[in-house]
Amino acid sequence: MIKRIGILTSGGDASGMNAAVRTAVRSSIHFGMEPYAIYRGYHGMIRGEIEPLNSRSVSGIIQRGGTLLKSARSDQFLTAEGQAKAVEKLKEHDIDAVLVIGGDGSFRGAQDLDELGVRVICIPATIDNDIACTDYAIGFDTAVNTVMDAVNKIRDTASSHERVYVVEVMGRHSGFIALYAGLAGGADAILIPEVPYSLDDICSKLQEANAKGKTHSIIMIAEGATGDPEAGRLPQDSPSVQVSQYVQERTGYETRMTILGHIQRGGSPTVNDRLLASRLAYHAIELLHQGKSGKMVGEVDHRLKTWDLHYALAQEKQLDLEYYHLSNILASI
Ligand code: F6P
C-alpha cells in the first residue's frame, strides 16, 4: 500500500516542471495518497529537506517557469554513502515512493534508488531533449520557442546591417535545440555536435548565397558543436566566438555573435509543455499508486508509454536528421 509520495525536480530546470509538480501533487491526492516535496533534488533528499504539500501549495504555478521544488546537482548522491543517507531520510519521513522529474543524470540517480529498494518512477524534463524513449522532454518546446523568438529579433537587425549572425544555443551533447530552432527560424547553417562540419564549406555556402542576393545570414550553433564536450563553458571558449571570427576573416563579411544562455531555461511554459507535463505526471503517479518502480514514462507518437529505466538509459536518443537535410536544402536555394 503506497501512502506517501515524495516528489523532486533535479538537474537543469526546465519550463513545465511546475506544471508537472502541480499535477503530481493533485493526482497523488486523487489516488488517496499524501504528496511530499523533496526540495533541491537528491541534494535535499540527503539532507532530509522533505515537507508535506497540499493542493493549495501548487496553486498558481502552472504558468511559471523554474521549479517550486528548487533544483540542484548532487555530487554526494553519486557515492554509496550519499545514497545510503538519502534512503535513510526517506525512511525517516515514511516516504513509500518517489517521482523524479529531470534529465538523464536524474534518471541514473533514480535507477540507483530503485536498486536500493526505493520505489521510483521518472518523467523526462530537460531542455536538451536528449532522453530516449520519449519524443519530447518537458521544457524543450518552451526553450525552442524562446530561441525562435530571439532569432526573429536578431534577423531584424541582421537584415538592417547586412551582417552574418552566429547564434549559440544550449546543448552540450545534443543538437535538438539548434536543429529545431534553426529550421523554424530559417537559419542558413546549423552546427550540432552530432554532425561534423567544415567552416570552409560554411563560408563557401555563405558566399554562394551572397552571390544569389542574400544580404544577411544566421548561423545556429549548439554550445557542444566543438568536438570537445567540455568546451563552450566560458564565453571565450564558446564555439560561436571561433565561428564568427573565422567567418569574418575568411569571407570579409561583418559578423556578430549572440550566446543565448540561460534565457532558454526560463519563461512561462508553452501549451505543449504544460500538456506534456500534466499527462506524464498523472500517469507516473498512477504507476506509483499501483506499486510500480524502476520505470520512466515517455510520450511516443502522442501516446504515453512506460519503459524500463535500465532499457531507456541504455538507448541513445536519435536526432531526426531529416530536419537537418531540409534546412540545408532551404538554405541553398
Ligand atoms: O542540461 C540542461 C542544460 O541547460 C544544458 O543545455 C547546458 O549545457 C547546461 O544545462 C547548463 O548547466 P548550468 O545551468 O549548470 O550552467
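Model, not experiment: these values are computed from the prediction.

(A) Examining the sheet that holds strand β11 (residues 303-308) more closely. Strand order in the open sheet made by the seven strands is β3-β2-β1-β4-β5-β10-β11, with mixed pairing throughout. What marks the edges here is a single partner per strand, and that holds for β3 (50-52) and β11. Averaged over all pairs of adjacent strands, the angle between their axes in this sheet comes to 25 degrees, without regard to strand direction. Two strands pair when backbone bridges link them, and strand β1 (residues 4-9) and strand β2 (residues 34-38) are joined in this way by four bridges, in the parallel orientation. Counted as the bridge partner of G6 is Y36 from β2. Helix-sheet contacts for helix α4 (residues 104-115) involve β4 (97-102), β5 (119-124) and β10 (295-300), and the interaxial angle to β5 is about 165 degrees.

(B) Seen up close, the site of the ligand. Among the 10 residues in the neighbourhood of the ligand, the closest are listed as R73, D128, E223, H262 and R265. Here R73 contributes a side-chain N or O atom positioned 2.5 Å from an oxygen atom of the ligand. One nitrogen or oxygen atom from the side chain of H262 is found 2.9 Å from an oxygen atom belonging to the ligand. A total of 400 Å² of accessible area belongs to the ligand in isolation, and the protein chains cover 82% of it. More than half of the atoms belonging to the ligand lie within 2 Å of the grid points that define the largest pocket.

(C) How the structure looks around the packing of aromatic side chains. Taken as a whole, this structure holds nine aromatic pairs when the rule is applied. Between F140 and F176 the ring centres are 6.0 Å apart and the planes differ by 85 degrees, which places this aromatic pair in the edge-to-face class. Of this pair, F140 sits in helix α5 (residues 140-161) while F176 sits in helix α6 (residues 176-184); the two residues are 36 residues apart in sequence, bridging distant segments of the chain. Pair check on accessibility: F140 and F176 agree, each one buried. A ring pair is formed by Y180 and Y323, whose centres lie 4.5 Å apart and whose planes are at 25 degrees; its orientation type is stacked. Of this pair, Y180 sits in helix α6 while Y323 sits in helix α11 (residues 321-332); the two residues are 143 residues apart in sequence, bridging distant segments of the chain. Among the aromatic residues, ring-to-ring pairing joins Y136, F140, F176, Y180 and Y323 into one connected group.

Scoring rules and cut-offs
- Residue indices follow the written sequence of each chain, beginning from 1 at its first position.
- pLDDT decides what is reported in this predicted model: residues at 70 or higher carry local features, side-chain atom pairs at 80 or more are listed and counted, and totals for whole chains, interfaces and linings draw on all residues regardless.
- Working from all heavy atoms in the structure, the side-chain values ignore hydrogens and water.
- Only when DSSP finds a minimum of two bridges between them are two strands counted as paired.
- Numbering of helices and strands runs from the N terminus; a helix is a DSSP stretch of H or I covering at least four residues, while a strand is a stretch of E covering at least two.
- Here an angle of 0 to 180 degrees is reported between the N-to-C directions of two axes, which are lines fitted to C-alpha atoms, with helices fitted over the stretch in contact.
- Whether two residues touch is decided by their heavy atoms; if any such pair falls within 4.5 Å, the residues are in contact.
- Near residues are defined by distance, with any heavy atom within 4 Å of the molecule or strand qualifying the residue.
- N or O atoms closer than or at 3.5 Å make up a polar contact, with two conditions inside protein: a donor-capable atom paired with an acceptor-capable one, and, for residues adjacent in sequence, both atoms drawn from side chains.
- The protein chains shown are the only cover counted for residues, whose accessible areas, like all others here, come from Shrake-Rupley with a 1.4 Å probe.
- Here a cavity is any set of points on a 1 Å grid over the protein atoms alone where a 1.4 Å probe fits but cannot get out, and a pocket is any open set with protein on both sides within 12 Å along at least 5 of 7 lines; a residue lines the site when it has an atom within 4 Å of a point.
- A molecule is said to be in a cavity or pocket once over half of its atoms fall within 2 Å of that pocket's grid points.
- Classification of ring pairs rests on two measures: the distance between centres of Phe, Tyr or Trp rings, Trp counted by its six-membered ring, which must be within 6.5 Å, and the angle between planes, read as stacked under 30 degrees, edge-to-face over 60 and tilted in between.
- Between buried and exposed lies partly exposed: a residue is buried under 20% and exposed over 50% of the maximum accessible area for its type, with that area taken using a 1.4 Å probe on protein chains only.

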